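What follows is each chain in one-letter form.
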Amino acid sequence: MGNVLIVDDEPAIGTYLSRLIVGCGHQVEIALDASETLAKLSGGNFQLIIADIRLPDAPEPQQWIRKLCEQAKGTPVVLISGAPSNELSDCAAQNGVLAFLSKPFELAFIKNILKTVFGN
């Protein structure tokens, strides 16, 4: 069983992902903004982070990606965005992001990520 941090300012998305991930046997914590995310990362033990790149209190997306990946300290990061771009995809790849998903995303993508990270 793993511990997953979900970061999204839209509660419906956090709840949706949480139900899926808990249903696969993992624990979930949810953060609604960048500052809560950074606080949870400094005190938590997560094996996977799934985060929106556009949050109300986050810096511009490329800076947020760099900051998030730095704070993750090697924990796999999956980014989700409603407005992806090649520039953001490149930044994500340069910072070691495991996957970059566009909203709306398929449940199969999340299940495959869970299988990759946790092996089940």
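Residues numbered from 1 in each chain as written. Predicted model: local features only at pLDDT ≥ 70, side-chain atom pairs only at ≥ 80, totals over all residues. Heavy atoms only, no water.

## Focus on the overall build of the chain
Here is step 1 of the chain: The number of helices and strands found in the chain is five helices and five strands.
Here is step 2 of the chain: Ordered by position from the N terminus, the helices and strands of the chain form the series β-α-β-α-β-α-β-α-β-α.
Here is step 3 of the chain: Against the globule reference of 14 Å for 120 residues, the chain gives a C-alpha radius of gyration of 13 Å, in line with a compact fold.
Here is step 4 of the chain: For the chain, the spread of C-alpha atoms along the principal axes amounts to about 35 × 30 × 25 Å.
Here is step 5 of the chain: Counting only residues that meet the buried cut, the chain has 41% of its 120 residues in that class.
Here is step 6 of the chain: For the chain, the exposed surface amounts to about 6100 Å²; the carbon and sulfur share of it is 49%.
Here is step 7 of the chain: In the chain, 9 positive and 13 negative side-chain charges are present, and the distance between their average locations comes to 7 Å. (Helix = DSSP H or I, 4+ residues; strand = E, 2+ residues; numbered from the N terminus. Rg over C-alpha atoms; globule rule 2.2 N^0.38 Å. Buried < 20%, exposed > 50% of the residue type's maximum accessible area, 1.4 Å probe, protein only. Areas by Shrake-Rupley, 256 points an atom, 1.4 Å probe, with all protein chains shown as cover. Lys, Arg positive; Asp, Glu negative; His and termini not counted. Charge placed at Lys NZ, Arg CZ, Asp CG, Glu CD.)

## Some points on the pattern of salt bridges
Here is step 1 of the chain: Going through the model one piece at a time under the given rule, you end up with five salt bridges.
Here is step 2 of the chain: The partner of Asp8 in a salt bridge is Lys103, and the shortest N-O contact between them spans 3.3 Å. Taken together, the residues span a long stretch of sequence, with Asp8 in the loop between strand E1 (3-7) and helix H1 (11-23) and Lys103 in the loop between strand E5 (99-102) and helix H5 (107-118) at a distance of 95 residues.
Here is step 3 of the chain: We note a salt bridge from Glu60 to Arg66, for which the minimum N-O separation is 3.9 Å.
Here is step 4 of the chain: Relative accessible area serves as the criterion here: at 38%, Glu60 is assigned to the partly exposed category.
Here is step 5 of the chain: If you follow the salt bridges from partner to partner, you end up with Asp8, Glu10, Asp52 and Lys103 in one network. (Salt bridge = Lys/Arg side-chain N within 4 Å of Asp/Glu carboxyl O.)

## Overview of the state of the cysteines
Simply put, disulfide is the name for a covalent bond between the sulfur atoms of two cysteines.
Here is step 1 of the chain: Under the definition given, this model contains zero disulfides.
Here is step 2 of the chain: Note on Cys91: no disulfide assigned, nearest cysteine sulfur contributed by Cys69 at a separation of 7.7 Å. (Disulfide = S-S within 2.5 Å.)

## Quick look at the environment of Ala31
Here is step 1 of the chain: With respect to the helices, strands and loops of the structure, Ala31 is situated in strand E2 (residues 27-31).
Here is step 2 of the chain: For Ala31, a relative accessible area of 0% translates into the label buried.
Here is step 3 of the chain: As for Ala31 and Asp9, which are separated by 22 residues in sequence, their C-alpha atoms are 7.7 Å apart.
Here is step 4 of the chain: When neighbours within four sequence positions are excluded, Ala31 is seen to be in contact with Leu5, Ile6, Val7, Asp8, Glu36, Thr37 and Lys40. (Contact = heavy atoms within 4.5 Å.)

## Focus: the confidence of the model for the chain
If pLDDT is low for a region, its predicted coordinates should not be looked at in detail.
Here is step 1 of the chain: Counting all residues, the mean pLDDT for the chain is 92, and 99% of those residues have values of 70 or more.
Here is step 2 of the chain: The least confident element of the chain, judged by mean pLDDT, is E5 at 89; the most confident is E1 at 97. (pLDDT = per-residue confidence, 0-100.)

## What about the sheet that holds E1?
Here is step 1 of the chain: Here we have five strands laid out as an open sheet, ordered E2-E1-E3-E4-E5, and parallel in their pairing. Looking along the sheet, the strands with just one partner apiece sit at the ends: E2 and E5. The mean angle between the axes of side-by-side strands here comes to 20°, regardless of whether they run parallel or antiparallel.
Here is step 2 of the chain: Note that E1 and strand E3 (residues 48-52) share four bridges and pair parallel. Counted as the bridge partner of Ile6 is Ile50 from E3.
Here is step 3 of the chain: Its contacts with the sheet place helix H2 (residues 34-43) against E1, E2 and E3, and it is angled at close to 140° to E2. (Pairing = 2+ DSSP bridges. Axes fitted to C-alpha atoms, helices over the stretch in contact; angles between N-to-C directions.)

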